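Results of the structural survey
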Amino acid sequence: MSKKAIVLQTTLELITKQGISATSLSQIIKESGVANGTVYHHFKNKEEIITELYLMLTQDFGTVVMRNIPEEDIKKQFTIMWLNLFYYFVNNPLAFIFSEQIARSPDIPQSLKDKARQYYIEIEEYFKIGVKQKIFKSYNTLVMEELFFGNVVSLVKIHENEQIKLQEKHINQAIEISWRGFLKDQTII
């Protein structure tokens, strides 16, 4: 792992344990074991580290959700998108915690959140196509994306808290409930 990657990973670990405000640059340097000069070679300050980490993880989310999406079947696309994000979060708990803590954080400026939207263009387009084809209700696509994301997050929380031993049938039920919430009235697919 490169020194820059070590700094980013250390920052991710610290922020998920104690939050952005409680994580100092000196702590990142100390915990990472990377020399001051090397850290400052890659980043000017803590904000630059957080910006890069935020953009990197946002790009990961957007890429992962749209991985291996079939061409034609919009319901199958939905299912694959849902499962992609669910298993990404289950297998990357730090990314999950980061997304939960940071997504609504006032420490992340709106300009950075706006910049990160570029990584969700394919997801937005998916929902626009569903609306245009009159499969989905005609809602704001940002609202649709957030609800989709929120449904996945809810099941990941159940999994993490071990409220129930999740089985494939539970995951499929969650996907079906989520899917039906987007469907235009009278639509049966």
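Residues numbered from 1 in each chain as written. Predicted model: local features only at pLDDT ≥ 70, side-chain atom pairs only at ≥ 80, totals over all residues. Heavy atoms only, no water.

1. Quick word on the UniProt feature "DNA-binding region" (unreviewed entry) in the protein chain
Put simply, the rule is: UniProt positions are given in the numbering used here, feature names are shortened, and annotations may be inferred rather than shown by experiment. Strands are runs of DSSP state E lasting at least 2 residues, helices are runs of H or I lasting at least 4, and numbering of each runs from the N terminus.
Mapped onto this numbering, the UniProt entry gives "DNA-binding region" (unreviewed entry) at residues 24–43. Secondary structure content for residues 24–43 is 75% helix and 0% strand, and the end C-alpha separation is 14 Å.

2. Notes on the environment of Val156
Definition in use: Categorising residues by exposure relies on relative accessible area from a 1.4 Å probe, with only protein chains included: less than 20% of the type maximum marks a residue as buried, more than 50% marks it as exposed, and the intermediate range marks it as partly exposed. The contact criterion used throughout is that any non-hydrogen atoms of two residues lie within 4.5 Å.
Its place among the elements puts Val156 in helix H9 (residues 141–161). Since its relative accessible area comes to 0%, Val156 is described here as buried. Expressed as a C-alpha distance, the spacing of Val156 and Ile171, which sit 15 residues apart in the sequence, is 9.8 Å. Leave out the neighbours within four places in its chain, and Val156 touches Phe86, Phe89, Val90 and Phe96.

3. Focus: unusual backbone geometry
Although it is not a glycine, Asn68 adopts a positive phi angle of roughly 60 degrees. When you line up the elements, Asn68 lands in the loop between helix H4 (46–65) and helix H5 (74–91). A residue is classified by how much of its surface remains accessible, and Asn68, at 63% relative accessible area, is exposed. Backbone geometry places Lys134, a non-glycine residue, at a positive phi of 60 degrees. Within the secondary structure, Lys134 is located in the loop between helix H8 (121–132) and H9.

4. Notes on the UniProt feature "domain: HTH tetR-type" (unreviewed entry) in the protein chain
In the UniProt entry, the feature "domain: HTH tetR-type" (unreviewed entry) is given for residues 1–61. The straight-line gap between the two end C-alpha atoms of residues 1–61 is 21 Å; of that span, 77% is helix and 0% is strand.

5. Describing the packing of aromatic side chains
Condition: Geometry of aromatic contacts follows a simple scheme: Phe, Tyr and Trp rings, the Trp one being its six-membered ring, pair when their centres are within 6.5 Å, and the pair is stacked under 30 degrees between planes, edge-to-face over 60, tilted otherwise.
Applying the stated criterion to the full structure yields 17 aromatic pairs. Between Phe127 and Phe182, the ring centres sit 5.2 Å apart and the planes meet at 40 degrees, which makes this aromatic pair tilted. Separated by 55 residues along the polypeptide, Phe127 in helix H8 and Phe182 in helix H10 (residues 168–182) bring together distant segments of the chain. Connected via pairs of aromatic rings, a cluster forms that spans Phe78, Tyr126, Phe127, Phe136, Phe148, Trp179 and Phe182.

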